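Summary of the model geometry
So you can see what is in the structure, the chains are spelled out below.
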Amino acid sequence: EVRHNGGYTTDEVLAMRETFKSFDYNKDDTIQNNELVNLVKAVFPEMATDPKLRPQLKEIIRESDQDGNGDLDFDDFLRLMHTVCELRQRNQLDKERRAIRALKEIIRE
């Protein structure tokens, strides 16, 4: 089940569907470019406002858009959310590793 839903459980997919719908303003089952801007600002504010992260965000969106038409259908949206979630987890782990290394250096002194 999880494997067929972009790594999400059925309940998570249902919640994601509601989020997707909330950004699909014209109700055409896609999040188009103008809608995508609002999605990014609401769901990924740190990526939307940090100029250093913007190229990475654009690449993630491009990779999530399976057919390359510039719009995200629901499957594209699931890929986007999964990728950004993984990125956040990696960034958090990196922060924790740096903090542990810094703490070890302080303890040694």
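Our structure is the block above this text.
Read on for an overview of the structure. Being a predicted model, the structure only gives us computed values, none of them experimental.

1. A closer look at the nonpolar core
Core analysis: the largest hydrophobic core is formed by 23 residues, its most contacted members being Ile31, Phe44, Phe77 and Leu80. Among the secondary structure elements, those contributing two or more residues to this core are helix H1 (10-23), helix H2 (33-43), helix H3 (45-49), helix H4 (54-64) and helix H5 (74-108). Among the elements that take part in this core, H5 stands out by supplying 7 residues, more than any other. What Leu80 contacts, discounting residues up to four positions off in sequence, is Leu39, Phe44, Ile60, Ile61, Ser64 and Leu72.

2. Observations regarding unusual backbone geometry
Backbone geometry at Lys27 places phi at a positive 55°, although glycine is not the residue there. Among the structural elements, Lys27 can be located in the loop between H1 and H2. For Lys27, a relative accessible area of 58% corresponds to the exposed category. One non-glycine residue, Asp29, adopts positive backbone phi at about 65°.

3. Section: the environment of Gln66
Note that Gln66 resides in the loop between H4 and H5. Taking the relative accessible area as the measure of exposure, Gln66 reaches 59% and is therefore exposed. For Gln66 and Arg88, which are 22 residues apart along the polypeptide, the C-alpha to C-alpha distance reads 22 Å. With near-sequence residues (within four places) excluded, Gln66 lies in contact with Asp76 and Arg79. A polar atom in the side chain of Gln66 sits 3.1 Å from the side chain of Arg79.

4. A short note on H2
Along H2, the residues that are buried comprise Glu35, Leu36, Leu39 and Val40. Looking down the long axis of H2, one finds its buried residues gathered within 140° of arc, a one-sided arrangement. Exposed side of H2, more than 90 degrees from the buried face: Asn34 and Lys41 are the residues found there. In this fold, the buried residues of H2 make contact with H1, H3, H4 and H5.

5. Thoughts on the packing of H4 against H5
Orientation of H4 relative to H5, taken along the N-to-C sense of each, is 140°, at an axis distance of 8 Å. It follows from the interaxial angle that H4 and H5 lie oblique. Between H4 and H5 lies a crossing whose hand is right-handed. Only Asp76, Arg79, Leu80, Thr83, Val84 and Leu87 of H5 make contact with H4, whose side of the interface consists of Gln56, Ile60, Ile61 and Ser64. In terms of residue class, the contact of H4 with H5 is made up of 5 nonpolar, 3 polar and 2 charged.

How each quantity is defined
Going along each chain's sequence as written, the residues are numbered from 1 onward. Side-chain atom pairs in this predicted model are given and counted only at pLDDT of 80 or more, local residue features only at pLDDT of at least 70, and totals for whole chains, interfaces and linings cover all residues. Working from all heavy atoms in the structure, the side-chain values ignore hydrogens and water. In plain words, nonpolar cores are sets of buried Ala, Val, Leu, Ile, Met, Phe, Trp, Tyr and Cys residues tied together by side-chain atoms within 4.5 Å. Categorising residues by exposure relies on relative accessible area from a 1.4 Å probe, with only protein chains included: less than 20% of the type maximum marks a residue as buried, more than 50% marks it as exposed, and the intermediate range marks it as partly exposed. Put simply, DSSP marks the helices as runs of H or I at least four residues long and the strands as runs of E at least two long, and each gets a number from the N terminus on. The contact criterion used is simple: two residues touch if any of their non-hydrogen atoms lie within 4.5 Å. Any N or O atom pair separated by 3.5 Å or less is treated as a polar contact, with the protein-specific requirement of one donor-capable and one acceptor-capable atom, and with residues adjacent in sequence counted only for side-chain atom pairs. Read the arc as the range of directions from the helix axis to the C-beta atoms. Only the contacting stretch of a helix is used when fitting its axis, a line to C-alpha atoms as for every element, and angles between N-to-C directions run 0 to 180 degrees. Our angle categories are set so that under 35 degrees counts as roughly parallel, over 145 as roughly antiparallel, 65 to 115 as roughly perpendicular, and the remainder as oblique. Should the near helix be turned counterclockwise from the far one by less than a right angle, the crossing is left-handed, whereas a clockwise turn marks it as right-handed. Here the term charged refers only to Asp, Glu, Lys and Arg, the term nonpolar to Ala, Val, Leu, Ile, Met, Phe, Trp, Tyr, Cys and Pro, and the term polar to all other amino acids, Gly among them.

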